[in-house]
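# A structural walkthrough
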Amino acid sequence: MPKTARQSPSQEAQVAKLIGILESAVSAIITIDDHGLIESVNPATESLFGYSASELIGQNVSILMPEPYRSAHDGYIANYLASGVKRIIGIGREVSGQRKDGTTFPVHLSVSEFEADGRRYFTGIIHDLTDRRHVEEALRESERRLAQAQKMEAVGQLTGGIAHDFNNLLLVITGNLELLEQQLDRDEQRALLKEAQEAAALGSKLTDQLLTFARRRHVDTQVIQLNEIVVGVTDMLRRTLGEHITLSTSLGRNVWPIRADPSQVQSAIVNMAVNARDAMEKGGRLVIETRNMVFDADEAGFHSDLKPGEYVQLAISDTGTGIAPEIRDRVFEPFFTTKEKGRGTGLGLAMVYGFVKQSGGHISIYSEVGHGTTFNLYFPRAETDTLSFQDKDVAASPDCQVRGTVLVVEDDERVRQLTTTRLKLIGYQVLEAGDGAKAVEALSGSDPIDLVFTDLVMPGGLSGWDVVARARQLRPGIKILLTSGYAEELVHANDLRRERLRVLRKPYSQADLLAALKDVLGGAPGRPGADGP
Ligand SMILES: Nc1ncnc2c1ncn2[C@@H]1O[C@H](COP(=O)(O)OP(=O)(O)OP(=O)(O)O)[C@@H](O)[C@H]1O
Ligand SMILES: [Mg+2]
């Protein structure tokens, strides 16, 4: 090599520098030959894709891609070598990667090309975009929520204004009709008047409902026990809903008092129960539940406008048709109905919404089309003189070093993220699967798994039950914890009892999760002898 004027670093030093860069890079750096076979990988590749270097070298690089890219990849290279048309080289783009466990994730791939010893090579630099996607998704979701909240606020103001004016007009109409009544003596005159009065009465009922939605109705707020109201209303519901609906209740013990208008709580329950009945034309089950909930900042953020703190939850679940995702945001709007003319006015849930908001609470829907729906209402715990306080911090902090690996099977990306974060905080290792098939793949693999934590209802071929069945086949003795947004009794209660399986009800707090894990893992979590951090 000809010497230049300035002293250049030795070849050895240059190689050492390059190796240093490769070893410390956070992105995966992979070199392949012109047949697509892997020549070298850096350590980041191993941690990103879950393969060891020796498993990768000599393999076709397409094993790091999901279908359909996997099958098409050889064609890409051949096409480029033949035509010179660049699709990624020098441009870079977002594609999907596939880990050894079968899970896929978004990546940015840039490729460069070089020649050595008369052969062509390609170097790919792969940057994991998972975190960025999560942030983008969370941002979109919060924008959507904000827009939705603003829309409800605007509709509320408009409705409230109109309803208020109409109420005054109706007052004048009914008042004058009443005065007129005393002056009429002919029967046909009275019949006409009666019709006008009935119409005015209907109008009053309507404006009353609209005022409730717009939070403009006078409310008689008291400190009340939710359980008492539920008990009071269930008898009436049993009689009115009909025999094809089985109603059951599950009332939490020592449920905290809340501050709300008892007659409105009652009518909210009735409204939701009637909706449930309408969604179960061929019959089904309706469950009303109450329980205490403590939301920390993370969990509260999950429910958009909730403040962290103590709440009482009222959940109404049915086994009906479910609510399609595209209308889930709209069901609280006044006059939104899917029912035929004359059967629904679309004001039931609008009233429930207004009342919950006026009580300082929050309402959310959990629904799977074809399976059923749960309406979750949260009311802030009422401040009372006797502060009997359950110490949630004690419950939430692990009292023993927990170890072991949990396979989280959950189709909802946001919920999966939250669960994973929580489990890691407690000290578990976590594997994730976005559906039943991915879970089975992980279970068929060789990674240690101590517990399968699976959602029961998931779209796609395999339900949580199927995952449980396969898990037991593949790994006899494996521990199982189930979770569902539905009332426990609605998800094959008999199977649960027979199998002694536990279902963690969504939404759950960190303390609930920890308690359930301890319960299932039997006080001594983790694999015996496994080394924890
Ligand atoms: N439990 C449920 N299961 C399935 N769909 C539901 C359920 N509850 C509400 N919905 C949907 O939400 C819509 C709005 O409900 P809402 O109670 O506000 O009005 P409605 O029942 O149609 O009429 P109204 O209550 O005024 O008689 C319903 O038309 C229905 O499509
Ligand atoms: Mg209704």
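Residues numbered from 1 in each chain as written. Chains lettered and ligands numbered in written order. Predicted model: local features only at pLDDT ≥ 70, side-chain atom pairs only at ≥ 80, totals over all residues. Heavy atoms only, no water.

Looking now at a nonpolar patch on the surface. A contiguous nonpolar surface patch, about 410 Å² in accessible area, is contributed by Leu158, Ile162, Phe166 and Leu169. The exposure class assigned to Phe166 is partly exposed, which follows from its relative accessible area of 45%. (Patch = residues over 30% accessible without salt bridge, like charges linked within 9 Å, V, L, I, M, F, W, Y side chains within 5 Å. Areas by Shrake-Rupley, 256 points an atom, 1.4 Å probe, with all protein chains shown as cover. Salt bridge = Lys/Arg side-chain N within 4 Å of Asp/Glu carboxyl O. Buried < 20%, exposed > 50% of the residue type's maximum accessible area, 1.4 Å probe, protein only.)

So, about the nonpolar core. Counting residues in hydrophobic clusters, the biggest one holds 43 residues, and the most contacted among them are Ile269, Leu286, Phe332, Phe375 and Leu377. With sequence-adjacent residues up to four places away left out, Phe332 is seen in contact with Met152, Phe213, Leu349, Ala350, Tyr353, Ile363, Ile365 and Phe375. Judged by nonpolar contacts, the second largest core, of 22 residues, contains Val41, Val61, Leu109 and Val111. (Core = buried A, V, L, I, M, F, W, Y, C linked by side-chain atoms within 4.5 Å. Contact = heavy atoms within 4.5 Å.)

So, on to the pairing of strand β4 (residues 104-116). When a strand is regular, its side chains alternate between the sheet's two faces. Pairing of strand β3 (residues 93-98) with β4 involves six bridges; the strand directions are antiparallel. Opposite Ser96, over in β4, you have Pro106 as the bridge partner. Taken together, β3 and the strand that follows it, β4, pair antiparallel across an intervening segment of five residues, in which Gly102 is found at a positive phi of about 95°. Where β4 meets strand β5 (residues 119-128), 10 bridges bridge the pair, whose relative direction is antiparallel. Paired with Leu109 across the two strands is Ile126, which belongs to β5. The loop that links β4 with its antiparallel partner β5 comprises two residues; one of these, Asp117, has a positive phi angle of about 50°. (Pairing = 2+ DSSP bridges. Helix = DSSP H or I, 4+ residues; strand = E, 2+ residues; numbered from the N terminus.)

So, about the site of ligand 1. Neighbouring residues of ligand 1: 20 residues in total, closest Asp318, Thr337, Thr338, Lys339 and Thr345. Within the side chain of Thr338, an N or O atom sits 2.4 Å from an oxygen atom of ligand 1. Leu347 places a main-chain nitrogen or oxygen 2.8 Å from an oxygen atom of ligand 1. Contact with the protein chains hides 90% of the accessible area of ligand 1, taken as 600 Å² for the molecule alone. Elements with a minimum of two residues in the shell around ligand 1: α8 (262-279), α11 (348-358) and β12 (372-380). When residues in the shell around ligand 1 are grouped by element, the largest group, three residues, is from α8. Class assignment for the residues of the shell around ligand 1 results in eight nonpolar, 10 polar and two charged. (Near = heavy atom within 4 Å. Polar contact = N/O pair within 3.5 Å; in protein donor to acceptor, adjacent residues only side chain to side chain. Nonpolar A, V, L, I, M, F, W, Y, C, P; charged D, E, K, R; others polar.)

With that settled, the discussion passes to the sheet that holds strand β14 (residues 429-433). Reading across from one edge, β14-β13-β15-β16-β17 is the order of the five strands in this open sheet, with parallel pairing throughout. Across the chains shown, the open sheet's two edge strands, defined by having one partner strand only, are β14 and β17 (503-505). Going across the sheet, the axis of each strand differs from the next one's by a mean of 20°, ignoring polarity. Two elements, strand β16 (residues 479-484) and β17, share three bridges in a ladder whose sense is parallel. Bridge assignment links Leu482 to a residue of β17, and that residue is Val503. Where helix α13 (residues 413-426) meets the sheet, its contacts fall on β13 (405-409), β14 and β15 (451-455), and the angle it forms with β14 comes to roughly 165°. (Axes fitted to C-alpha atoms, helices over the stretch in contact; angles between N-to-C directions.)

With that settled, consider the sheet that holds β5. Sheet strands associate in pairs through backbone hydrogen bonding, adopting either a parallel or an antiparallel arrangement. On the basis of which strands lie adjacent, the open sheet formed by five strands has the order β2-β1-β5-β4-β3 and antiparallel pairing. Where the open sheet ends on each side, the last strands, each with one partner, are β2 (38-41) and β3. In this sheet, neighbouring strand axes are inclined to one another by 35° on average, regardless of whether the strands run parallel or antiparallel. With three bridges connecting them, strand β1 (residues 28-33) and β2 associate as antiparallel partners. Residue pairing in the sheet places Ile30 in a bridge with Val41 of β2. This element, helix α5 (residues 130-183), spans β3, β4 and β5 of the sheet and lies at about 140° to β4.

Attention now moves to the pairing of β15. Counting buried positions over the five residues of β15 gives five, a clear majority of the element. Of the two faces of β15, the one lined by Leu451, Phe453 and Asp455 and the one lined by Val452 and Thr454 are each fully buried. The pairing of β13 with β15 spans four bridges and is classified as parallel. Bridging from a neighbouring strand, Val408 pairs with Phe453 of β15.

This part takes up the pattern of salt bridges. Enumeration according to the criterion identifies 23 salt bridges in this entry. Asp278 is the salt-bridge partner of Arg277, the closest N and O atoms lying 3.1 Å from each other. Judged by relative accessible area, which is 28%, Arg277 ranks as partly exposed. Within this structure, Arg277, Asp278, Glu281, Lys339 and Arg343 form a network of salt bridges that share partners.

Using the criterion set out here, one finds nine aromatic pairs in the structure. Summarising the aromatic geometry, the rings of Phe295 and Tyr378 are spaced 5.3 Å apart at their centres and angled 75° between planes, so their arrangement reads as edge-to-face. A residue pair is termed long-range when its members are at least 10 positions apart, and Phe295 in strand β9 (residues 284-295) and Tyr378 in strand β12 qualify at 83 residues. For the pair shown, Phe295 and Tyr378 are each scored as buried. Of the aromatic side chains, those joined through ring pairs into one cluster are Phe213, Phe332, Tyr353 and Phe375. Sitting over the face of the ring of Phe105, Arg99 holds its NZ or CZ atom 4.2 Å from the ring centroid. (Phe/Tyr/Trp six-rings, centres within 6.5 Å; stacked < 30°, edge-to-face > 60°. Lys NZ or Arg CZ within 6 Å of the ring centre and 35° of its normal.)

This brings us to empty space enclosed by the protein. Counting across every chain of the model gives one cavity of 30 Å³ or more. Quantified by volume, the largest cavity comes out at close to 30 Å³. Lining the largest cavity are Asp101, Thr103, Leu407, Leu431, Glu432, Ala442 and Asp447. A per-class count over the lining of the largest cavity returns three nonpolar, one polar and three charged. (1 Å grid on protein atoms, 1.4 Å probe; cavity = no way out; pocket = protein on both sides within 12 Å on 5 of 7 lines; lining within 4 Å. Points joined across faces, edges and corners; volume = space filled by probe spheres on them.)

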